[in-house]
Amino acid sequence: MAKLLFDLGKNGRKGYTLPPMQVAPKPVETLIPSKYIRKTPARLPEVSENDVMRHYFSLSTLNHHVDKGFYPLGSCTMKYNPKINETLARIPELKNLHPLQPAATSQAALKLMYELAGYLSEISGMADVSLQPAAGAHGELTGLKMIRAYHVSQGNPRSEVIIPDSAHGTNPASVTLTGYKSVQIQSNEKGLVDVENLKSKLSDQTAALMITNPNTLGLFETQLQEIIKLVHDAGALVYMDGANLNALLGIVRPGDIGFDVLHINLHKTFSTPHGGGGPGAGPVGVGKKLVNFLPVPRIEKDNSGYCLRDDFPDSIGKISSYYGNFGVMVRAYVYIRMLGEAGLRRVSENAIINANYLMKKLEPFFMLPHSGPAMHEFVLSGKWQRDRGVKTLDIAKRLLDYGFHAPTVYFPLIVKEAIMIEPTETESKETLDRFAEAMIEIAHDVENRPEVVLNAPTTTVVSRLDEVKAVKEPNIKYNFDRLDRM
Ligand SMILES: *Cc1c(COP(=O)(O)O)cnc(C)c1O
C-alpha cells in the first residue's frame with residue numbers, strides 16, 4: 001500500500017515523488033442510461049470541513065447549557081454531571097445488555113443494581129430500596145401504592161393524604177392517581193408545616209402525610225419529630241419527597257428521623273442530565289413496615305450470584321416493564337463510588353454554603369419572605385420589583401443578557417413572584433459573585449431604567465417571545481444580526 005501512495009522516483013527530494021493520479025473514473029454516460037442522467041448539476045452545498053465544524057459548534061453555543069454557564073436551577077434541574085458518568089454508562093458491556101437476558105449473563109448489571117440499592121439504603125437510612133420507578137413522580141405513585149397496601153393489610157385502606165401548600169405539583173397528582181383525596185395544610189409564617197393546622201386535619205381516614213424535606217422553600221422542617229409522632233399516633237404513615245436530598249447527604253438520614261417511605265431522584269441528587277423531560281429514576285426507600293410491599297422483581301444475592309425474584313405475595317407487583325432506567329443507575333453508582341462517604345457529605349455542605357452565601361448577598365436587594373438558614377436553595381420574592389412594574393419573568397429574561405440561565409420562577413406557589421435560587425455545590429465563589437453582581441445590577445436597573453429589564457434579552461439570538469402567542473404559533477423571531485456577530 002505504502003508503495004502505491006508514495007512511489008519511489010528519481011527526481012523528488014530524498015528520492016520521493018508524488019504518485020501519479022489514480023485511474024480516472026469511467027464517464028458516467030457509459031454506466032447509466034442517458035434518460036436518467038441529470039441535465040443540470042445538483043445544487044449541493046460546497047463547504048469545507050472547517051465551515052461545517054464552525055457552523056455546528058456555533059449552533060451548540062446558542063442555547064444555554066451547564067457546560068457554557070451558570071445554571072441556578074440547581075440539582076432539581078441541572079447540577080453538574082461529571083463526564084466520567086457518561087463514559088461509563090456507555091461501555092458496551094452495560095449499554096448493550098438486553099433486559100430479557102438471563103441473570104446468568106447479566107451478573108455485572110445485577111451486582112451494580114444490588115449495590116446501588118444498598119448505598120441508597122445506607123444514605124437514606126431506609127430498610128430497603130427499589131430502583132424501578134422511572135421518575136420522582138413515579139416513585140411517589142409507587143410509595144403511595146405501598147402505603148395503600150399497608151393500610152389494606154391493616155383492615156382499612158383509609159381515604160386521605162395530607163400535603164402542605166408548598167408541595168411540588170406531582171404530590172397531589174400522585175395522591176389522586178392512587179385513589180386518595182389530597183388534603184392541604186397551610187405553611188406557617190416561617191414557611192414550615194403548621195403543626196396546629198396538621199392536628200386539625202389528622203383523622204382515622206388519614207393514610208399518610210406527604211412532606212418535602214428540606215421543603216421547596218429550602219427550609220429544614222424543624223418540628224419533624226413531633227410531626228411524625230402525631231401522624232404515627234393517628235395510625236398513618238409519613239412519606240418524604242426526597243427531591244431535595246442534595247441538602248442532606250451524609251448529614252441527615254430520613255429513615256433515622258422516622259419516615260416510612262421516601263423517593264430519591266437519581267437524576268437530581270445523583271447527577272444525570274435530565275433536561276427535556278427525561279430520562280430519570282426515582283428509587284423508593286421503605287422502612288421495615290413496608291418492605292414486604294416493595295415492587296417485584298427484587299434483586300437478591302445467593303451462593304450462585306445475583307438473581308431476580310418475583311415470589312413476594314404481598315408485593316404491589318410490577319411498576320415498570322423491566323427494571324427501571326438502568327443508564328441512570330450506572331451514573332448514580334459511579335457518582336456515589338467516586339465521591340464516597342466524605343465526598344457526598346461535602347456535596348451537601350458546599351451546596352448549603354453556596355446557597356446561604358448568595359442569599360446573604362441578595363437579601364438587601366430582593367424581598368426574602370422566609371428568612372432562616374437556607375439549606376441547598378432559597379426563595380426570593382420579586383414583589384418590590386413588581387410594585388415598580390417589573391415582573392419576575394422580566395428579571396429572569398434579563399439574566400440571559402449576563403450569560404446566566406434563569407433560576408426557577410413562580411414556584412413554590414405560596415411565594416408571590418417567586419425566584420428560587422439553587423446554586424449547587426460545584427460553583428466557584430467567583431461565579432456566585434458574578435451572578436450576585438448581575439442580580440444587584442438588575443435590581444438597580446428596575447429603579448433607574450426599567451425599560452432595559454422589560455425589553456430583555458437583547459444579546460441572545462432569540463429575543464423576547466410573545467408568551468401567549470408562542471404557545472399557539474411557535475414562530476421564533478430570529479435576530480439574524482446577532483447570529484452574524486457570533
Ligand atoms: C422534581 C420534583 C418532583 C418530581 O420529580 P420528577 O423526577 O420530576 O418526576 C417532586 N417533588 C419535588 C419537590 C421536586 O423537586
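**Student:** Sorry if this is basic, but what is going on with helix α6 (residues 136–153) here?
**Tutor:** Note: α-helices contain 3.6 residues per turn, so residues at a spacing of three or four share the same orientation. Between its terminal C-alpha atoms α6 stretches 26 Å, which fits the 26 Å expected from 18 residues at 1.5 Å a residue. Within α6 the residues assigned to the buried category are Gly-136, Gly-139, Glu-140, Thr-142, Gly-143, Leu-144, Met-146, Ile-147, Ala-149, Tyr-150 and His-151. Remark: Gly-155 follows α6 within two positions and exhibits a positive phi of approximately 100°.

**Student:** For this particular structure, what's the right way to read the packing of aromatic side chains?
**Tutor:** Both the distance between ring centres and the angle between the ring planes are used here to describe each pair of aromatic rings. Under the criterion given, the structure shown has seven aromatic pairs. Note on Phe-404 and Phe-435: the rings are 5.4 Å apart at their centroids and 90° apart in plane angle, and the pair reads as edge-to-face. Placement of Phe-404 in the loop between α14 (392–401) and β11 (408–409) and of Phe-435 in helix α15 (residues 429–448) is noted, with a sequence separation of 31 residues between them. Given a relative accessible area of 0%, Phe-435 falls into the buried group. Of the aromatic side chains, those joined through ring pairs into one cluster are Phe-70, Phe-404 and Phe-435. The aromatic ring of Tyr-180 is capped on one face by Arg-148, whose charged end is 4.8 Å from the ring centroid. Above the ring of Phe-312, the side-chain terminus of Arg-298 is found at 4.1 Å from the ring centroid.

**Student:** Can you help me understand helix α5 (residues 107–124) in this one?
**Tutor:** With 18 residues, α5 should cover 26 Å at 1.5 Å per step; its first-to-last C-alpha distance of 25 Å lies within 8% of that length. Regarding α5, the residues found buried are Ala-109, Leu-110, Leu-112, Met-113, Glu-115, Leu-116, Ala-117, Leu-120, Ser-121, Ile-123 and Ser-124. One or two residues past the end of α5 sits Gly-125, with phi positive at roughly 75°.

**Student:** For this particular structure, what's the right way to read the site of the ligand?
**Tutor:** Taken together, 13 residues sit near the ligand, with Gly-136, Ala-137, Asp-241, His-267 and Lys-268 positioned nearest. Gly-136 has a polar backbone atom sitting 2.7 Å from an oxygen atom of the ligand. Coverage of the ligand by the protein chains reaches 86% of its 380 Å² of free accessible surface. At the level of elements, α6 and α11 (266–269) are the ones that each hand at least two residues to the shell around the ligand. At three residues, α6 tops the list of elements feeding residues into the shell around the ligand.

**Student:** Got a minute to help me understand the packing of α5 against helix α12 (residues 326–362) in this structure?
**Tutor:** Angle between the axes and distance between the axes: these two values describe a pair of packed helices. Contact geometry for α5 and α12: axes closest at 10 Å, N-to-C directions at 45°. Viewed along their axes, α5 and α12 adopt a mutual orientation that is oblique. For the pair α5 and α12, the sense of crossing is left-handed. Contacts between α5 and α12 involve Ala-109, Leu-112, Met-113, Glu-115, Leu-116, Tyr-119, Leu-120 and Ile-123 from the former and Phe-326, Met-329, Val-330, Ala-332, Tyr-333, Ile-336, Arg-337 and Leu-344 from the latter. Per-class residue counts for the contact of α5 with α12 are 14 nonpolar, no polar and two charged.

Reading the values: the criteria
- Residues numbered from 1 in each chain as written.
- Predicted model: local features only at pLDDT ≥ 70, side-chain atom pairs only at ≥ 80, totals over all residues.
- Heavy atoms only, no water.
- Helix = DSSP H or I, 4+ residues; strand = E, 2+ residues; numbered from the N terminus.
- Expected span 1.5 Å × (residues − 1).
- Buried < 20%, exposed > 50% of the residue type's maximum accessible area, 1.4 Å probe, protein only.
- Phe/Tyr/Trp six-rings, centres within 6.5 Å; stacked < 30°, edge-to-face > 60°.
- Lys NZ or Arg CZ within 6 Å of the ring centre and 35° of its normal.
- Near = heavy atom within 4 Å.
- Polar contact = N/O pair within 3.5 Å; in protein donor to acceptor, adjacent residues only side chain to side chain.
- Areas by Shrake-Rupley, 256 points an atom, 1.4 Å probe, with all protein chains shown as cover.
- Axes fitted to C-alpha atoms, helices over the stretch in contact; angles between N-to-C directions.
- Parallel < 35°, antiparallel > 145°, perpendicular 65-115°, else oblique.
- Left-handed = near helix turned anticlockwise from the far one by under 90°.
- Contact = heavy atoms within 4.5 Å.
- Nonpolar A, V, L, I, M, F, W, Y, C, P; charged D, E, K, R; others polar.

Bear in mind that shape data such as this cannot, by itself, settle questions of function.
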